[in-house]
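What the coordinates show
Listed here are the chains, written in short residue letters.
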Amino acid sequence: MTEMSSRSPSTAMEDHYSVQYDRLDDEPLSVAVADAVATFRDEAVTELEPLHYSINADALERLFEPRANGLRSDGSVTFEYSDCLVTVTADGEIRVESA
C-alpha cells in the first residue's frame, strides 16, 4: 500500500495496525479506514466488503469532521468491519485489530 499524504507513518504489529489520519485533508475518513483494514488484512481494498455494511460512513465522517469551533478534541468510535475491530479516535488515530 502506498502511504498517502493524509496519514503519518503507521505502526504495524502482529496483533494490530495503527495509522494517523489528518482530519483536515481532503481524503474521506471512510477511505482511510478501508485502507487501514486492507493493510492489516494484507488484502486489496477492493476485496473488502463495503464499509457501509458495518457503519454509516456519512455519520462516521460527520462525527470527526472539523466544526465551527475547531476540531473535536476527545471521543472515539469502535465498530467491527471485515472481521476486524476498528477504533477511530478524535485525535485522528485509526487502529485495526482482529475481532
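Residues numbered from 1 in each chain as written. Predicted model: local features only at pLDDT ≥ 70, side-chain atom pairs only at ≥ 80, totals over all residues. Heavy atoms only, no water.

You'll find the chain entered in an unreviewed UniProt entry as Halobacterial output domain-containing protein, with Natrinema altunense given as the organism.

**Here we look at the nonpolar core**
Using the following cut-off: Nine residue types can take part in a nonpolar core, namely buried Ala, Val, Leu, Ile, Met, Phe, Trp, Tyr and Cys, and a core is a set of them joined through side-chain atoms within 4.5 Å. Classification of residues uses two cut-offs on accessible area relative to the type maximum, computed with a 1.4 Å probe and protein chains only: under 20% is buried, over 50% is exposed, and between them is partly exposed. The helix count covers DSSP runs of H or I at least four residues long, the strand count covers runs of E at least two residues long, and both are numbered beginning at the N terminus. Here a residue-residue contact requires only that any non-hydrogen atoms of the pair lie within 4.5 Å.
Formed by 26 residues in total, the largest nonpolar core has its most connected members in Val-33, Phe-79, Tyr-81, Val-86, Val-88, Ile-94 and Val-96. Mapped onto this core, the elements with two or more residues apiece are β2 (16-20), α1 (29-41), α2 (57-64), β3 (76-81), β4 (84-89) and β5 (93-98). Setting aside chain neighbours within four positions, we find Phe-79 in contact with Val-33, Leu-51, Ile-55, Leu-60, Cys-84, Leu-85, Val-86 and Val-88.

**Details of the environment of Asp-83**
Looking at where Asp-83 falls in the secondary structure, it is placed in the loop between β3 and β4. Through-space distance from the C-alpha of Asp-83 to that of Val-37 is 9.4 Å; in sequence the pair is 46 residues apart. Apart from the residues within four sequence positions on either side, Asp-83 is in contact with Arg-41, Ser-98 and Ala-99.

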